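# Examination of the molecular architecture
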Amino acid sequence: MIERYRDLIIIYEKDIAYVISCDSMGSIGSKEYDQLKVDEDIVGRACIKVALAESLCVGANPVVISDTLSVEMNPTGKRIITAIEDELAKNNLSHVLLTGSTEENFPSYMTGIGITVISRAKVSDLKIKKAKKGMRISLLGYPLVGSEVLESKDVLELKDYVSISKCKEVVEAIPVGSKGIGYELRTLERLSGLKVEIDPFFKVDLLKSGGPSTSCIVVHDEKHTSAIKGLTDKAFTYIGKLY
């Protein structure tokens, strides 16, 4: 059976699930027409985080990453690939196989990247469709985009998503994408069949883009709030509860 779940494709083979996630990045880099100027080390680390975060948040373990780089191999592509490999090693993910392609036929004046991740998990270990009435909803990090990502200390990193994935107290986890917190909460309502009651003290912009998965919505039991707070050294904000 094949299922579309949020931004993921999940392929079920008996008791094993294969999770396919993807992301793209454009106009961010050091080339002439890039709108946000950063070096390739930042590009490489950021470009894999979003797709990996999607898979890690549903409890799946990445096995293959495909990077399709719309830049030449030398020097830009090599720098990006080195950063990807370093980030994987830093997070004990060196076992993940890396494949990809670069643009060698035409000169490129703007950085463009496509990332696809294939992950695997036992069906019973998937953190999907497990949210229940009365559970709490919290936010780790803040939704940030563009230069804000470079300036803030409350940006979730890949290591944070690895911690979220491994945490048994996390019932469901949802990286905040470009459509914002509000969209992710509505999707949670649709998939769970429940409603979200937002706390009146929650003041984070529901419509703001989440950029490169700088924040994550976490569903958990109230008794596990302290454990969730201690998952990362980033900001923790209570959103509300399910009813």
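Quick note: structure is the one above.
The present account deals with the structure reproduced in this document. (Residues numbered from 1 in each chain as written. Predicted model: local features only at pLDDT ≥ 70, side-chain atom pairs only at ≥ 80, totals over all residues. Heavy atoms only, no water.)

### Observations concerning the overall build of the protein
Broken down by element type, the protein carries six helices and 13 strands. Over its C-alpha atoms the protein spans a radius of gyration of 18 Å, differing by no more than 12% from the 18 Å that the globule rule assigns to 243 residues. Reported as C-alpha extents along the three principal axes, the dimensions of the protein are approximately 55 × 45 × 30 Å. Per-residue burial over the protein gives 50% buried out of 243 residues. Long-range contacts, defined as pairs at least 24 residues apart, comprise 82% of the intrachain contacts of the protein with a sequence gap of at least 6. Looking at the protein as shown, the accessible area adds up to about 12,000 Å², and 53% of this sits on carbon and sulfur atoms. Taken together, the 32 basic and 34 acidic charged side chains of the protein have centroids lying 7 Å from each other. (Helix = DSSP H or I, 4+ residues; strand = E, 2+ residues; numbered from the N terminus. Rg over C-alpha atoms; globule rule 2.2 N^0.38 Å. Buried < 20%, exposed > 50% of the residue type's maximum accessible area, 1.4 Å probe, protein only. Contact = heavy atoms within 4.5 Å. Areas by Shrake-Rupley, 256 points an atom, 1.4 Å probe, with all protein chains shown as cover. Lys, Arg positive; Asp, Glu negative; His and termini not counted. Charge placed at Lys NZ, Arg CZ, Asp CG, Glu CD.)

### What to know about the sheet that holds strand S8 (residues 112-122)
Taken in spatial order, the six strands line up as S1-S2-S3-S8-S6-S7 in an open sheet, and their pairing is mixed. Two strands in the sheet have a free side with no partner beyond their single neighbour: strand S1 (2-5) and strand S7 (97-101). The sheet shows a mean angle of 20 degrees between the axes of neighbouring strands, direction not considered. Inspection of the sheet shows strand S6 (residues 61-69) paired to S7 by five bridges, in the parallel sense. Its bridge partner lying in S7, Thr68 is registered against Ser101. Helix H2 (residues 73-90) contacts S6, S7 and S8 of the sheet and is inclined by roughly 170 degrees relative to S6. (Pairing = 2+ DSSP bridges. Axes fitted to C-alpha atoms, helices over the stretch in contact; angles between N-to-C directions.)

### Description of the packing of helix H1 (residues 40-57) against helix H4 (residues 158-166)
The interhelical angle for the contact between H1 and H4, taken along N-to-C directions, is 5 degrees, at an axis separation of 9 Å. Relative to H4, the element H1 lies roughly parallel. In this structure, H1 uses Ile48, Lys49, Leu52, Ala53, Leu56 and Cys57 to contact H4, whose residues at the interface are Leu158, Tyr161, Val162, Ile164 and Ser165. (Parallel < 35°, antiparallel > 145°, perpendicular 65-115°, else oblique.)

### Remarks on the packing of aromatic side chains
Tallied over the entire structure, the rule returns one aromatic pair. Consider the rings of Tyr33 and Tyr109, whose centres lie 6.5 Å apart with planes at 75 degrees: the pair is edge-to-face. Of this pair, Tyr33 sits in the loop between strand S4 (28-29) and strand S5 (36-37) while Tyr109 sits in the loop between S7 and S8, and the two are 76 residues apart along the sequence. The exposure class of Tyr109 is partly exposed, given its relative accessible area of 47%. (Phe/Tyr/Trp six-rings, centres within 6.5 Å; stacked < 30°, edge-to-face > 60°.)

### A word on the pattern of salt bridges
Taken as a whole and assessed by the stated rule, the structure comprises eleven salt bridges. Of the charged contacts in the structure, one is a salt bridge between Lys208 and Glu148, with a shortest N-O distance of 2.9 Å. You can see Lys208 sitting in the loop between strand S11 (196-198) and strand S12 (215-220) and its partner Glu148 sitting in helix H3 (residues 147-151), a full 60 residues away along the chain. Under the relative-accessibility criterion, Lys208 is labelled partly exposed at 24%. The residue Lys234 makes a salt bridge to Asp233 at a minimum N-O spacing of 2.8 Å. Lys234 sits in the buried class, given a relative accessible area of 9%. Several salt bridges converge on common partners, so that one network encompasses Glu157, Lys159, Asp160, Asp233 and Lys234. (Salt bridge = Lys/Arg side-chain N within 4 Å of Asp/Glu carboxyl O.)

### Looking at the sheet that holds strand S9 (residues 136-141)
Strand order in the open sheet formed by five strands is S10-S12-S9-S13-S11, and the pairing between neighbours is antiparallel. Whereas interior strands pair on both sides, the edge strands pair on one side only; in this sheet they are strand S10 (172-175) and S11. For this sheet the average axis-to-axis angle between neighbouring strands, irrespective of direction, equals 30 degrees. Two elements, S10 and S12, share four bridges in a ladder whose sense is antiparallel. Paired with Glu172 across the strands is Val219, a residue of S12.

### Comments concerning helix H5 (residues 180-192)
Along its 13 residues, H5 runs 19 Å from first to last C-alpha, staying within 8% of the 18 Å computed at 1.5 Å per residue. When H5 is considered as a whole, its buried residues turn out to be Gly180, Ile181, Gly182, Glu184, Leu185, Thr187, Leu188 and Glu189. Just downstream of H5, Gly193 is the residue with a positive phi angle, here 75 degrees. (Expected span 1.5 Å × (residues − 1).)

### Here we look at the side chain of Lys234
For Lys234, the position within the fold is in the loop between helix H6 (225-229) and strand S13 (236-242). Side chain to side chain, Lys234 and Asp160 meet in a polar contact 2.9 Å long. A polar contact of 2.8 Å, which involves the side chain of Lys234, links it to the side chain of Asp233. Contact partners of Lys234, with chain neighbours within four places excluded, come to Gly141, Lys153, Asp154, Val155, Leu156, Glu157, Lys159 and Asp160. (Polar contact = N/O pair within 3.5 Å; in protein donor to acceptor, adjacent residues only side chain to side chain.)

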